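Results of the structural survey
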Amino acid sequence: MTGVCHARPSRARALRPLASLAFTLALALASEAGDAAQPRVQACPLDPPAPAGQVLHWASPPEANKDDKAPAPCAPCTDPANASAGTCAVFRLLTSEACASGRCADAQGEFKRHGTFFLQYDTRYRDPDRYPRARGENCRFVLWAIPPVIGIEDVPGYAERNYWQDAYVASQTMVEPPFARDNLAFAIQPPTTRGQHQFHIHIGTLKPAYRTALAGLAHDAASVRINGFHFHVRFMAVPAGRDPFAGIDIAAIVRSMLPQGAADLPLYGAMAALIDDGRGIWILSAERFARSELNYISPTDCRLR
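Rules behind the numbers
- Residues numbered from 1 in each chain as written.
- Predicted model: local features only at pLDDT ≥ 70, side-chain atom pairs only at ≥ 80, totals over all residues.
- Heavy atoms only, no water.
- Helix = DSSP H or I, 4+ residues; strand = E, 2+ residues; numbered from the N terminus.
- Buried < 20%, exposed > 50% of the residue type's maximum accessible area, 1.4 Å probe, protein only.
- Contact = heavy atoms within 4.5 Å.
- Areas by Shrake-Rupley, 256 points an atom, 1.4 Å probe, with all protein chains shown as cover.
- Phe/Tyr/Trp six-rings, centres within 6.5 Å; stacked < 30°, edge-to-face > 60°.
- Lys NZ or Arg CZ within 6 Å of the ring centre and 35° of its normal.
- Disulfide = S-S within 2.5 Å.
- Pairing = 2+ DSSP bridges.
- Core = buried A, V, L, I, M, F, W, Y, C linked by side-chain atoms within 4.5 Å.
- Salt bridge = Lys/Arg side-chain N within 4 Å of Asp/Glu carboxyl O.
- Arc of directions from axis to C-beta.
- pLDDT = per-residue confidence, 0-100.
- Polar contact = N/O pair within 3.5 Å; in protein donor to acceptor, adjacent residues only side chain to side chain.

**Concerning the overall build of the chain**
- Along the backbone of the chain there are six helices and 15 strands.
- Looking at the chain as a whole, 52% of its 305 residues are labelled buried.
- A fraction of 64% describes how many contacts in the chain between residues 6 or more apart in sequence connect residues 24 or more apart.
- Accessible area for the chain stands at about 13,200 Å²; split by element, carbon and sulfur atoms hold 53% of it.

Written as structure tokens, this is what we have:
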């Protein structure tokens with residue numbers, strides 16, 4: 001489908017003023033090289049309805065995405081239009097009887113539940129002939145939300161949960177050996193580059209190009225170019241001994257950095273990286289950011305605790 005959004009089953013119908021607003025902003029955000037009839041983003045209904053003129057949830061049309069082809073991009077994997085789609089395969093697994101005990105596995109990974117999320121140890125590196133992109137990636141973890149939350153663009157869906165802090169805690173308590181705090185990185189892809197329509201955060205470490213660039217970057221910098229990506233950046237100091245992500249809304253900071261705020265989320269991915277043994281966080285956001293920008297190769301194989 002194109003240009004039409006389905007409200008979530010639990011959400012009320014959107015206000016009529018959103019229709020004209022969505023059309024106006026979709027035209028404004030259309031690709032410079034593309035036809036105005038093919039907007040890069042579309043506005044989505046809200047539940048509860050927002051005041052006229054306010055939109056917090058946006059989506060990328062499936063034809064603009066590499067792999068996330070959910071027919072109803074505004075709706076989660078529980079929507080009947082999306083439920084059987086390949087892009088909802090992980091959500092189906094995690095909410096199935098196979099994972100009811102809190103631990104399960106498939107051809108792509110091992111999963112363990114903790115509260116409102118599952119942590120996946122990606123095991124595709126064990127079969128490089130079938131998964132050549134995963135060759136050597138012996139320490140790649142992914143946090144998956146269990147409630148039906150779409151992704152970085154689904155602001156109302158994750159507003160009450162700090163999944164970035166969950167990912168950090170998981171990296172320290174659910175992984176053997178625990179990740180070192182220095183150069184530990186967390187990344188979320190936009191719908192244009194991700195494969196699954198369910199909220200997830202990749203856990204890995206910084207590649208050398210990122211370590212070098214961030215080490216030499218002034219803490220008041222607002223942008224940097226790394227590996228061909230133009231990043232909006234923000235540095236945050238962390239008091240000694242503190243959980244780096246406690247009380248910090250990474251998603252809100254990302255929105256504040258982007259030219260169009262929440263309306264840019266269907267286009268921009270984000271990374272949060274720890275430096276100086278966790279005493280600082282760099283938050284980076286770039287258009288079409290991909291999980292492959294993180295390193296998942298370790299001298300020692302990792303495992304789920």
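**Details of the packing of aromatic side chains**
- What the rule picks out here adds up to twelve aromatic pairs.
- Centre to centre, the rings of Phe229 and Phe289 are 5.8 Å apart; their planes meet at 65°, and the pair counts as edge-to-face. With Phe229 in strand 11 (residues 229-237) and Phe289 in the loop between strand 13 (280-287) and strand 14 (294-295), this residue pair connects regions lying 60 residues apart in the sequence. The pair Phe229 / Phe289 is uniform in exposure class, with both members buried.
- Members of the aromatic cluster, connected to one another through ring pairs, are Tyr121, Tyr125, Phe141 and Phe179.
- For Arg124, the ring lying beneath its charged end belongs to Tyr131, and the centroid distance is 5.9 Å.
- Between Arg140 and the ring centre of Tyr296, over which it is positioned, the NZ or CZ distance is 5.2 Å.

**Describing the state of the cysteines**
- Following the criterion strictly, the structure yields four disulfides and no others.
- Covalent S-S linkage joins Cys44 and Cys74, the inter-sulfur distance amounting to 2.0 Å. The disulfide joining Cys44 to Cys74 has a torsion of about -75° about its S-S bond and is therefore left-handed. In this pair, Cys44 is assigned in the loop between strand 1 (42-43) and strand 2 (58-59) and Cys74 in the loop between strand 2 and helix 2 (89-94), connecting sequence segments 30 residues apart. Each member of the pair Cys44 and Cys74 is classed as buried.
- Put simply, Cys99 and Cys104 are joined by a disulfide, and their sulfur atoms are 2.0 Å apart. The S-S bond linking Cys99 to Cys104 shows a torsion near 90°; that makes this disulfide right-handed.

**Digging into the pairing of strand 13**
- Along strand 13, seven of the eight residues are buried, which leaves the element largely enclosed by surrounding structure.
- Bridge count for strand 11 against strand 13 is six bridges, and the pairing is antiparallel. Pairing of Arg234 across the sheet is with Ile283, part of strand 13.
- The hairpin formed by strand 12 (residues 268-275) and strand 13 contains four residues between the paired strands, and Asp276 there has a positive phi angle of roughly 50°.

**A word on unusual backbone geometry**
- Put simply, Glu176 and Pro177 share a cis peptide bond, and its omega is -5°.
- In the Ramachandran plot, Arg288 falls in the positive-phi region, its phi being about 60° despite a non-glycine side chain.
- By the element assignment, Arg288 lies in the loop between strand 13 and strand 14.
- Judged by relative accessible area, which is 40%, Arg288 ranks as partly exposed.

**What to know about the nonpolar core**
- Leu119, Phe141, Trp164, Phe186 and Phe245 are the most contacted members of the largest nonpolar core, which has 50 residues in total.
- When residues no more than four places from it in sequence are discounted, the contact partners of Leu119 are Glu110, Phe111, Lys112, Phe141, Val142, Leu143, Ala170, Met174, Val175, Ile203 and Leu304.
- Counting 22 residues, the second largest nonpolar core, distinct from the first, contains Ala187, Leu206, Leu217 and Phe289.

**What to know about the pattern of salt bridges**
- One pass over the structure, following the stated rule, counts ten salt bridges.
- Residues Arg40 and Glu287 are paired through a salt bridge, measuring 2.0 Å at the closest nitrogen-oxygen approach. Remark: Glu287 occurs in strand 13 and Arg40 occurs in the loop between helix 1 (17-28) and strand 1; sequence separation between them is 247 residues.
- Given a relative accessible area of 30%, Glu287 falls into the partly exposed group.
- Put simply, Arg194 and Asp68 hold a salt bridge, and the shortest N to O gap is 2.8 Å. Of this pair, Arg194 sits in the loop between strand 8 (184-188) and strand 9 (200-206) while Asp68 sits in the loop between strand 2 and helix 2, placing them 126 residues apart in sequence.
- Residue classification places Arg194 among the buried residues on the basis of a relative accessible area of 2%.
- Here Asp68 falls in the buried class, since its relative accessible area comes to 2%.

**A few points about helix 6 (residues 250-257)**
- When helix 6 is considered as a whole, its buried residues turn out to be Ile250, Ala251, Ile253, Val254 and Met257. Projection of helix 6 onto a plane perpendicular to its axis shows the buried side chains occupying an angular sector of 160°, all on one side.

**Here's the deal with the confidence of the model for the chain**
- Taken as a whole, the chain shows an average pLDDT of 88; of its residues, 84% reach a score of 70 or greater.
- In the predicted structure, residues 1-37 sits below a pLDDT of 50 and forms 70 contacts with residues beyond four places in sequence or in another chain.

**Notes on the side chain of Asp166**
- Inspection of the secondary structure assignment puts Asp166 in helix 4 (residues 163-173).
- Looking at Asp166, its side chain comes within polar contact range of the side chain of Arg161, at 2.8 Å.
- Asp166 has contacts with Phe117, Leu143 and Arg161, leaving out every residue within four places of it along the chain.

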